[in-house]
Amino acid sequence: MQTELSQELGIEHAVFGFTPFPAVAAAISRAGGFGVLGAVRYTAPDELRRDLDWIEAHVGGRPYGLDVVMPAKKVEGVTEADVEAMIPEGHRQFVRDTLAKHGVPELAEGEASGWRITGWMEQVARGQLDVAFDYPIRLLANALGSPPADVIARAHDQSVLVAALAGSARHARKHRDAGIDIVVAQGYEAGGHTGEIASMVLTPEVVDAVAPLPVLAAGGIGSGQQVAAALALGAQGVWLGSLWLTTTEADLHSPALTRKLLAAGSGDTVRSRALTGKPARQLRTEWTDAWDDPDGPGTLPMPLQGLLVAEAVSRIQKYEVDPLLGTPVGQIVGRMTSERSVQAVFDDLTRGFERAVDRVNRIAGRSGQ
Ligand SMILES: Cc1cc2nc3c(=O)[nH]c(=O)nc-3n(C[C@H](O)[C@H](O)[C@H](O)COP(=O)(O)O)c2cc1C
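Cut-offs and rules
- Residues numbered from 1 in each chain as written.
- Predicted model: local features only at pLDDT ≥ 70, side-chain atom pairs only at ≥ 80, totals over all residues.
- Heavy atoms only, no water.
- Domains from an automatic or database assignment.
- Contact = heavy atoms within 4.5 Å.
- Salt bridge = Lys/Arg side-chain N within 4 Å of Asp/Glu carboxyl O.
- Polar contact = N/O pair within 3.5 Å; in protein donor to acceptor, adjacent residues only side chain to side chain.
- Nonpolar A, V, L, I, M, F, W, Y, C, P; charged D, E, K, R; others polar.
- Near = heavy atom within 4 Å.
- Areas by Shrake-Rupley, 256 points an atom, 1.4 Å probe, with all protein chains shown as cover.

- You'll find the protein entered in an unreviewed UniProt entry as NAD(P)H-dependent flavin oxidoreductase YrpB (Nitropropane dioxygenase family), with Streptomyces paradoxus given as the organism.

Written as structure tokens, this is what we have:
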């Protein structure tokens, strides 16, 4: 699974893996792919430094990257407290009522909720970058639009390639015009924030829109056959996020959540604003149903919704409240039916890829060539 981009990066397989877990990122790179650590949860620079040190010690000299969530629109001088103050009391009450209905216990005194909006604020993302540029990262990806021009320039000064996610050809062109090196075309099937265009339509559209820039196909990829399809559509590689969640190296901290993921079918996700205020694909739960119910208060815009539900999500996860327990994940969850090591996932991807290529060669009358 070699393309010009994989050769440029010196990796064996053109498989890029987004993951919030350092152990998964290192294992992806060791297996011959390209691990990309999601930085959004690191609000303290020292924690990011500790985990990048860990990756450096365990990645076996292979290349890896970092993903930040820098919003395209700059919000100056707004603190978390300012955002808190904008949340209507009716929405707070709805959260309290929904948690009470399911008997979700409180966090212990002084226990911080794990997930805050601050990772999405530009000054926090810049703090993450100050740390990351001390390490030999080869790629910097941004989830919400192109990073600011000075960040792109700084990355290029350090020979770091810059990637950005796009859900439409229009977004992809904007990234190209901003000086991005790689576009990640992320289809509707994907876990996390997604647009409305399916990968089958999006990938070739984006490839044509930004040629000759390399495009990675993301969304709905979990087998070697799907990797072959993405490369046939013109992608220079694939970018996978969901598949790693049930690897043995992943640290979900919740056996109940792992069980739910392994049991879920491809129809058990929903694209909902419940988590962040922007449509993000995730497991469908009674929590997402409550927010999507037309009789409810509805969700708030980003970043209000994320702040509103942060503590509730931590409580649901900590106490593993099954009907409400969820995570961002894509439709490929239907293929995630057993816990496997990252290396086993790669073995499966390469075998499936070879089978798909053989099959297409046979169809094209090229068997034995
Ligand atoms: C649990 C989870 C968290 C994610 N968080 C981010 C993120 O912080 N930044 C980002 O660029 N993409 C994020 N994504 C999207 C992935 O980078 C990737 O584009 C997507 O998972 C690909 O589609 P797939 O889920 O079908 O593999 C997340 C995906 C998942 C499943």
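## Description of the domain arrangement of the protein
Then comes step 1: For the protein, the assigned domains read domain 1 (1-78 + 121-247) and domain 2 (79-113 + 252-338).
Then comes step 2: Using C-alpha coordinates to define each centre, domain 1 is positioned 25 Å away from domain 2.
Then comes step 3: Between domain 1 and domain 2, the contact holds 23 residues from the first and 23 residues from the second.
Then comes step 4: Our count for the contact surface shared by domain 1 and domain 2 stands at one salt bridge.
Then comes step 5: Close ionic contact of R271 with E196 constitutes a salt bridge, the shortest N to O distance being 3.7 Å.
Then comes step 6: The tally of links from domain 1 across to domain 2 stands at eight residue pairs in polar contact (both at pLDDT 80 or more).
Then comes step 7: Residues that form the side of domain 1 that touches domain 2 fall into these classes: nine nonpolar, twelve polar and two charged.

## A few points about the site of the ligand
Then comes step 1: In the vicinity of the ligand there are 16 residues, among which D67, Q186, G220, G241 and S242 approach most closely.
Then comes step 2: Q186 places a side-chain nitrogen or oxygen 2.3 Å from an oxygen atom of the ligand.
Then comes step 3: Here an oxygen atom of the ligand sits 2.7 Å away from a polar atom, N or O, in the main chain of G220.
Then comes step 4: Burial of the ligand by the protein chains amounts to 91% of its free accessible area of 600 Å².

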